[in-house]
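# A closer look at the structure
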Amino acid sequence: MAPEAEEREIILEARNLRKEFGGLVAVDDVSIQIRARTLHSIIGPNGAGKTTLFNLLSGTMPPTRGSVFFKGRDITHLPPHRIAHLGLGRTFQITNIFPNLTVLENVRLGAQAMGRHNLRLLTHSDKYTQYLDQAEQVIAQVGLRGREHMLAANLPHGDKRKLELGIMLAGNFEVLLLDEPTAGMSSEQVPALLEIIHNILTSGNRTIVLVEHRMDMVMSISDFITVMHQGRVLAEGTPREIASNELVQSAYLGALYGDLTAQAEK
Amino acid sequence: MRVKAIWQYGKVYIILLIGLIILSVIGWRAMGQQSFVRTALSGLTLGALYFMVAAGLTIIFGLMDVLNFAHGAMFMIGAYAGWQFYTNPTFLFGLAPLVLALVAGIVVTPLIQPLAMRWAVPARWQRTLRAVVIVVAVILIIVALLGLDVRGLAKTAMVATMVDPLAEATPQEPLAVFWKRPLLFFLAGLLIALAQARPGDRTQVIRSGAAPRAIVALVGFVLLTVAATLTRESGAISVLKMNADARFFLSLAAGALIGAGIGAAIEISLVRPLYVRPTFLILATMGLSFVLRELTQLLWDPLPYAMSRPPLFSQPGKAASILEWFSKHTLTVEIMGVTFPSYRLFIIALGLAMFILLMLVMNYSRLGMTIRAGVQDRDMVEALGINVRRVFTLVFALGAGLAALGGIGAAPFAPVEPVMGDRFQMQGFITVVIGGMGSYSGAAIGALLLGLARAFGDFLALKFSLTPAVSEASTVIIMALVLLLRPAGLFGKKE
């Protein structure tokens, strides 16, 4: 963990976010501050509202109340593609690659989406060599060299996850929101992916926000951790603070949920 | 290993190819060369038309999950637009200024948005205000059309003959009376722009760079409107004076463009607000297809019209080969001992050209890459920073334009009538189901299969004096078989 992480400027901030689906409150008055060039994990049991929070941050869904600021700018009502152009990228929990495109096409799509040639859609895609170069570079970075022309569908699962990171890297986002990047991976594959994530963080000027429901996984690589429970923020702090937090321990040790929320509200 | 990979990738193609070859050999033997070739060529003609309808349907469904029941209407509109343009474009030239004026008004939206959103309208009145503004706009449009003999304009092509087209050039309304109509349409467009700007809604985002583009668009459309107003009569006459072959190819382009324009308008106005309610979309597009069909019926009566073939395909005589046709432009061409209409060969070529064009666009252009990615995962494409909504409008316009091109292509040998779209739409849907939703190459294969099935079904029905329903049933039987073996269609994406 970076020693001076706590003094870094805030790059992404949510203020009093609330999201209701009918009568269900999925995210309840959540405020969160993400500091630049840190790895911030959001953990919590299933149904804690982590993914909904991501959807609100990335503009995939509008919040019922509250607002989101990115680099000091209010992005609450921007459509997702414009938020992406400001430099905030995200992955989804299940599918993040395009199976019937080749590895190279997958990564190139990420690169050219952010480019400025949006109006000339009918030009041959290879004409834009800068995107091609960028894509090749990223493919090397995530360790998929030699597989550029394979269909993404034919990649082994671990490589699909690498490709997914590659698409995000090609987009050159300043902040990456990764929704359970290790989902579906066997425990032997996880460390390699975590290493790539760590490299991305240290090699570029990037900020990473991770969603996980496995707490052990994020302890070693995170600068900050936010624990969510039943739509609310239960605890926030460095991994050490979180590890010693009683509320969190009881949440993960399976304390009665009713008691827990009562305590949290105190 | 290699062989296995090729088999995995292309087994559907290989099986289909083997099946087709076996069936062809049997057919050749049983039917004799002449009737086999003739029937196969008719099948290819039909297949080319089915493809042009199905390609748009399948891409629209794959990308946006919209079953567009108004797609057949696009085919029909293409046929009518092309027929009008070729036979007597008075109707199109008479209405063009009005449409252009409306668009000129609507494009100012980004200009008035910054002002409108700062307007203090309480939240609960915003909806009402927008509704009122739209109603006023519609009233303006109705007032603008009062006294304009639209049906009269429409009837012009009905009586036109190819002997002397200029004899049918009908005078338009004098400018002194007409000038108010585009003006009112422009005002209606401005009102629609105001409603689109959502007065009082402060949550909107102003895009930088939109205003200069809007000014250019406004000036451009106003100039076009003025030009179209002044050339209502002279434009139509100069089109009629043109070489008939050139006019035919222009009418292909005009039909496709009108179809694409109407497609874009439908996507923006009717489909876009309903993406969140897919079942409503089916009803809305189906309702729209009824409205368009009845409107056509009102303007041109429910009669079938025949569009004459351009001289390029109608010189008397028979060419001994396709090469000879290029110099003689005869009505028929002899191919493998069969005399076949040259125009139908043109349709096959048109369908093939559209398939190749679509393949190039889908595989090698940035739009194509975005569409292929979007068919697989729309949210992700948006999260990467691509404006999916704009791609939707483009794809809708592209699909509608392709269907319209099919319509005008069909016009010289199929009757031009209000229900023509429905027949092709049904076959288009079956094609899409066979080929697999979202796959344009699936649509091509499906269209080929259906076209051949129809043609050979017709042949068998005639030969054994069965009911012609046999050929119609054959397509549905193929669909049922494909669905049993591969529920996602031949090349469909698996859910």
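Bringing the nonpolar core into the picture now. Counting 200 residues, the largest nonpolar core has B:F51, B:M52, B:I77, B:A79 and B:A404 as its most contacted members. If one sorts the elements of this core by residue count, helix α2 (residues 33–64) of chain B sits on top with 17 residues. Looking at which domains feed residues into this core, each of domain 1 (1–87 + 173–266) and domain 2 (96–172) of chain A supplies at least three.

On the chain B side, the residues contacting the 30 residues of chain A number 21 residues. Broken down by secondary-structure element, the contributors of at least two residues to the side of chain A that touches chain B are α2 (80–86), β6 (88–90) and α3 (103–113) of chain A. Its residues placed into classes, the side of chain A that touches chain B shows twelve nonpolar, 15 polar and three charged.

Here we take up unusual backbone geometry. Residue and element names in this part refer to chain A. For R37, which is not glycine, the phi torsion reads 55° and is therefore positive. One non-glycine residue, N172, lies in the positive phi region at around 55°. Here N172 shows up in the loop between α5 (157–170) and β7 (175–179).

Residue and element names in this part refer to chain B. A rise of 1.5 Å per residue sets the reference length of helix α6 (residues 123–145), with its 23 residues, at 33 Å; its end C-alpha atoms lie 35 Å apart and thus fit the reference within 8%. Taken together, the buried positions of α6 are R130, A137, L140 and A144. Where α6 is buried, its residues meet α9 (180–196). Looking one or two places after α6, you find G147, whose phi comes out positive at around 80°.

All names here are of chain A. Under the domain assignment used here, chain A contains domain 1 (1–87 + 173–266) and domain 2 (96–172). With ten residues of domain 1 at the interface, the matching set in domain 2 holds eleven residues. Per element, the largest residue contribution to the side of domain 1 that touches domain 2 is three residues, and it comes from helix α6 (residues 190–203). A class-by-class count of the residues in the side of domain 1 that touches domain 2 yields seven nonpolar, three polar and no charged.

Another aspect to go through is the sheet that holds strand β5 (residues 73–74) of chain A. Strands pair in a sheet through their backbones, by hydrogen bonds, and they do so in one of two ways: parallel or antiparallel. Read from one edge of the open sheet, four strands run β2-β1-β4-β5 (chain A), paired in antiparallel fashion. At either margin of the open sheet sits one strand with a lone partner, and together these are β2 (24–35) and β5 of chain A.

All names here are of chain A. Strand order in this open sheet of six strands is β6-β7-β8-β3-β9-β10, and the pairing throughout is mixed. What marks the edges here is a single partner per strand, and that holds for β6 and β10 (232–237). Adjacent strand axes in the sheet meet at a mean angle of 15° when their direction is disregarded. In this sheet, β10 lies alongside strand β9 (residues 224–229) in antiparallel orientation, the contact comprising five bridges. Across the sheet, T226 pairs through a bridge with E236, a residue of β10.

Rules of the game
Residues numbered from 1 in each chain as written. Chains lettered and ligands numbered in written order. Predicted model: local features only at pLDDT ≥ 70, side-chain atom pairs only at ≥ 80, totals over all residues. Core = buried A, V, L, I, M, F, W, Y, C linked by C-beta atoms within 7 Å. Buried ≥ 20, exposed ≤ 12 C-beta atoms within 10 Å, placed from the backbone. Helix = DSSP H or I, 4+ residues; strand = E, 2+ residues; numbered from the N terminus. Domains from an automatic or database assignment. Contact = placed C-beta atoms within 7 Å. Nonpolar A, V, L, I, M, F, W, Y, C, P; charged D, E, K, R; others polar. Expected span 1.5 Å × (residues − 1). Pairing = 2+ DSSP bridges. Axes fitted to C-alpha atoms, helices over the stretch in contact; angles between N-to-C directions.

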